[in-house]
Amino acid sequence: MTSAPLTNAPLTAAPLTPAPLDREAGYALLAELAGPGAAATLGGLDALAPGFPDWIVTSLFGGTYQRPGLALRDRQIANLAALTALGGVDPQLADHVRYSLRIGMTREEVTEVILHLAPYVGLPKALAGLRVATATFAEAAADPAPAPGPETSETSETPDAPETPETPEDEA
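What this report covers is the structure whose coordinates are included nearby. (Residues numbered from 1 in each chain as written. Predicted model: local features only at pLDDT ≥ 70, side-chain atom pairs only at ≥ 80, totals over all residues. Heavy atoms only, no water.)

**Quick word on helix H5 (residues 90-102)**
Along its 13 residues, H5 runs 18 Å from first to last C-alpha, staying within 8% of the 18 Å computed at 1.5 Å per residue. Considered for burial, the residues of H5 that qualify are Asp90, Leu93, Ala94, His96, Val97, Tyr99 and Ser100. Those residues of H5 that are buried are in contact with helix H1 (23-34), helix H3 (52-61), helix H4 (72-86), helix H6 (107-121) and helix H7 (123-142). Following H5 by one or two positions, glycine 104 adopts a phi angle in the positive range, close to 105 degrees. (Helix = DSSP H or I, 4+ residues; strand = E, 2+ residues; numbered from the N terminus. Expected span 1.5 Å × (residues − 1). Buried < 20%, exposed > 50% of the residue type's maximum accessible area, 1.4 Å probe, protein only. Contact = heavy atoms within 4.5 Å.)

Quick look at the structure:
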């Protein structure tokens, strides 16, 4: 079987849908994913880098997320995979675990996404991702209305504890 070299193949651009930059849609989607006060969490960043939080929301949530072709659930699966593979971005991974739960993904689905990555990204990164997911699940369980019981006293004692006290290499 012979194939033509890539250099001889004609290059034609496939028509792409332009990505919108819709600030209002970006803030609305961020509020849907993270809750109504979500944009305020970027406020501290605005003092350091004025305009940067608005750029993030507008270009990402009001741009890339607004493109047709992928459902929001599919985008969240891709985000979970990318952030786990990247490693060292625990706050962002925790946010996307929360967003995934808010849009209806189950804890089992989020866990399976991260477990599926282990042979591709390595055991240490998968373990680190699972630690972030576990801490985020516990945080989400403690948030609604703490019910009396052994699981609530365990999670409510250390709400400000770091999400990953050990490095993933410690276990691998």
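**A closer look at the layout of surface pockets**
The computed volume of the largest pocket comes to approximately 630 Å³. Around the largest pocket, the lining comprises 20 residues; the ones closest to its centre are Thr41, Pro91, Asp95, Arg98 and Tyr99. If you list the elements that add at least two residues to the lining of the largest pocket, you get H1, H3 and H5. Ranked by residue count, the leading element in the lining of the largest pocket is H5, at eight residues. When its residues are assigned to classes, the lining of the largest pocket shows 12 nonpolar, three polar and five charged. (1 Å grid on protein atoms, 1.4 Å probe; cavity = no way out; pocket = protein on both sides within 12 Å on 5 of 7 lines; lining within 4 Å. Points joined across faces, edges and corners; volume = space filled by probe spheres on them. Nonpolar A, V, L, I, M, F, W, Y, C, P; charged D, E, K, R; others polar.)

**Looking at the side chain of threonine 136**
Examined against the element boundaries, threonine 136 turns out to sit in helix H7. Classification of threonine 136 by relative accessible area gives buried; the value is 0%. Among the polar contacts listed, one links the side chain of threonine 136 to the backbone oxygen of valine 132, at a separation of 2.7 Å. Residue contacts for threonine 136: discarding those within four places in its chain leaves Ala94, Val97 and Arg98. (Polar contact = N/O pair within 3.5 Å; in protein donor to acceptor, adjacent residues only side chain to side chain.)

**Points about the packing of H4 against H5**
It is at 10 Å that the axes of H4 and H5 come closest, and there the two elements cross at 160 degrees. The orientation of H4 with respect to H5, classified from their angle, is roughly antiparallel. Classified by chirality, the crossing of H5 by H4 is left-handed. In this structure, H4 uses Gln76, Asn79, Leu80, Leu83 and Thr84 to contact H5, whose residues at the interface are Gln92, Leu93, His96, Val97, Tyr99 and Ser100. A per-class count over the contact of H4 with H5 returns five nonpolar, six polar and no charged. (Axes fitted to C-alpha atoms, helices over the stretch in contact; angles between N-to-C directions. Parallel < 35°, antiparallel > 145°, perpendicular 65-115°, else oblique. Left-handed = near helix turned anticlockwise from the far one by under 90°.)

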